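Structural overview for review
Below are the chains, spelled out letter by letter.
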Amino acid sequence: LNTLKKTAAPWRRLKPAGSMRDVAKERVTVLDVDTIVAQPENQNSASIIRSDRSRRQLYVFLFMMFGLLFGESMTFTVVPAYILKYIAADTAKASSLAGIFFSARSGIQFFLNPTYGQLSDQFGRRPFIILGMVASLLGHGLMFAFPTLPVFIFVSIILVFGSMVYELTYAVIADLSEPGQLSKSYSLLGICFGAAFIVGPALGGYLGQISPNLPFGACAIATAVMLVWALLFFSESNAAATNGSTKAKTFSLRQANPVHSMKILASDSVLRALTTVIFCNGLSGGSYQMWPLFASKRMGWGPMDNGLYLTFVGAVGIAAQGIVMKFVLPRLGDRRTLRFAFTMEVLRYLTMGLTCATWMAYASLLVCFMSYMVSPVLRAIGCRDVPQDELGALNGALGSVGTITGMLGPLLSSQSFSWASSISTNDKDLVLGIPYFLSAFFACVAGLLTTRMFKALSEREHAGEKTRLLNADHATGVSQAPVT
């Protein structure tokens, strides 16, 4: 009380004297204000520490993804040659079997993606990424050591679990990215993928000329190195799961299924429109699996030629996502950038189907390089304003859409190419390019559907809504507090 009297003396000269209780209230208010003023400095310093850690972990994760895709890309150019040598001796049969191979993997992923997407929200991303790397190491090691049809089928199932790494990639990037920096972070991921494609396919093509199974052994070695890297340096990115927070999503078997994933995507107008765009764009990407066989039949390319071509693809992807996108996106915005990128994608598929000489294959990449901006812009739009504890569920749901297109796209492209190979009279027939003409059609439809997506996005921004209805209960009409 004596201290309060001394402290209150200046206040008594400024205004009429009040009771001692009033003076005490005024002093406590001053102390509370001081505490509140000092609090943001502590919060800012803590956020700076967190952002520094997240930035370091982001670079650790990006390097790990570079190493994994470097090993994976060595096998891209030799899968058809591997099938032709060890399993099927006919081009039509090999293309059909390759399509079934990729479609079967995607079919199993369709049921597993929502499961480990939600599990990663509760238990963290790191355990499932480690498990995926172990599965990839085992699968590629078996394909190197035992190149037979039964092992090929068995490995197709094992590599489904290896795909967990890539399905959780976007969730990890979103965990470690600062607000408003998702497009930039996804472009950095695209740079890593492009850099891996610069080195990996060329080396894989060189090894494939020696033996088609050697690139799979090299992939297993690269995966083992990155597994050690992840165990030593990569820490958990999902803060809610690391701290045992109550905000972490609790795993529910009822929700961890493709039907619930579709409910997640149907619970929001922007997500519904985005899903249709990703679906059509994914169907167009199925023709990539047929490029080694198409180039071999149309232009007589071997594994080394395909490897050099994919190296050039990686360089163009780095230039588009790492350099050009940084200047184009702030000036044109998401809407115009995405529409122009889809236009270039349609043109690229058309020129790929018409390609009958080596220079045409490389020229089409140079002219249509902006088509590589489609994927990072779409992912950034999908992850806007999504809470961290629901990023895994969202990316798992989008991954389920990708696996549906991964089933249908390669199957459609492989069967159409097999049919075209059986009826073509010479290697220059235009009918051989039918997989790429179909891809151009689907890419055109996806580009047109972006109008609906941006309309829904504009309506939300105009209404001032900042919510994502990612819980299935929202879609079924159960009232809950909105997640903002």
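Preceding block: the structure.
Residues numbered from 1 in each chain as written. Predicted model: local features only at pLDDT ≥ 70, side-chain atom pairs only at ≥ 80, totals over all residues. Heavy atoms only, no water.

**A short note on the overall build of the chain**
Here is the rule: Helix and strand definitions follow DSSP, with helices as H or I runs of at least four residues and strands as E runs of at least two, each counted in order from the N terminus. Burial here depends on accessible area, computed with a 1.4 Å probe over protein chains only, as a share of the maximum for the residue type. Under 20% is buried, over 50% is exposed, and the range in between is partly exposed. Pairs of residues are marked as contacts when any of their non-hydrogen atoms sit within 4.5 Å. Using the Shrake-Rupley algorithm and a 1.4 Å probe, accessible areas are obtained, with residue cover drawn only from the displayed protein chains.
For the chain, the count of helices and strands is 20 helices and 0 strands. Taking all 484 residues of the chain together, 51% fall into the buried category. Look at the contacts in the chain between residues 6 or more apart in sequence, and 82% of them connect residues 24 or more apart. As presented, the chain carries roughly 21600 Å² of accessible surface, and 66% of it is formed by carbon and sulfur atoms.

**Let's talk about the side chain of Ser185**
To be explicit about the condition: Whenever a nitrogen or oxygen atom comes within 3.5 Å of another N or O atom, the pair is scored as a polar contact, on the condition that within protein one atom can donate a hydrogen and the other can accept it, and that pairs from neighbouring residues in sequence are kept only if both atoms are in side chains.
On the secondary structure map, Ser185 appears in helix α9 (residues 182-210). By relative accessible area, Ser185 is classed as buried at 5%. For Ser185, the side chain forms a polar contact with the side chain of Ser177, separated by 2.8 Å. Filtering out sequence-adjacent residues up to four positions away, Ser185 remains in contact with Leu58, Ile173 and Ser177.

**Digging into the side chain of Asn213**
Here Asn213 is to be found in the loop between α9 and α10 (214-233). If sequence neighbours within four positions are ignored, Asn213 has contacts with Tyr82, Tyr86, Met143, Phe144 and Pro147.

**Thoughts on the packing of helix α15 (residues 303-354) against helix α19 (residues 434-463)**
In plain terms, the rule: Angles shown run from 0 to 180 degrees and are taken between the N-to-C directions of axes, each axis being a line fitted to C-alpha atoms and, for helices, limited to the stretch in contact. Orientation is classified from the angle alone, with under 35 degrees giving roughly parallel, over 145 giving roughly antiparallel, 65 to 115 giving roughly perpendicular, and any other angle giving oblique.
The N-to-C vectors of α15 and α19 enclose an angle of 175 degrees; their axes lie 7 Å apart at closest approach. As summarised for this structure, α15 and α19 are arranged roughly antiparallel, according to the angle between their axes.

**Remarks on the packing of helix α5 (residues 126-145) against α10**
Two numbers describe a pair of packed helices, the interaxial angle and the distance between the axes. Where we set the bar: Throughout, a crossing is termed right-handed when the near helix is turned clockwise from the far one, and left-handed when it is turned anticlockwise from it by less than a right angle. Throughout, the ten residues Ala, Val, Leu, Ile, Met, Phe, Trp, Tyr, Cys and Pro are labelled nonpolar, Asp, Glu, Lys and Arg are labelled charged, and all others, Gly among them, are labelled polar.
Relative orientation of the contacting elements α5 and α10 amounts to 155 degrees, with a least axis distance of 8 Å. Taken together, α5 and α10 sit at an angle that is classed as roughly antiparallel. Crossing angle aside, the handedness with which α5 passes α10 is left-handed. Together, Arg126, Ile130, Met133, Val134, Ser136, Leu137, His140, Gly141, Met143 and Phe144 of α5 and Leu214, Phe216, Gly217, Cys219, Ala220, Thr223, Ala224, Met226, Leu227, Ala230 and Leu231 of α10 make up the contact between the two elements. Classifying every residue of the contact of α5 with α10 gives 15 nonpolar, 5 polar and 1 charged.

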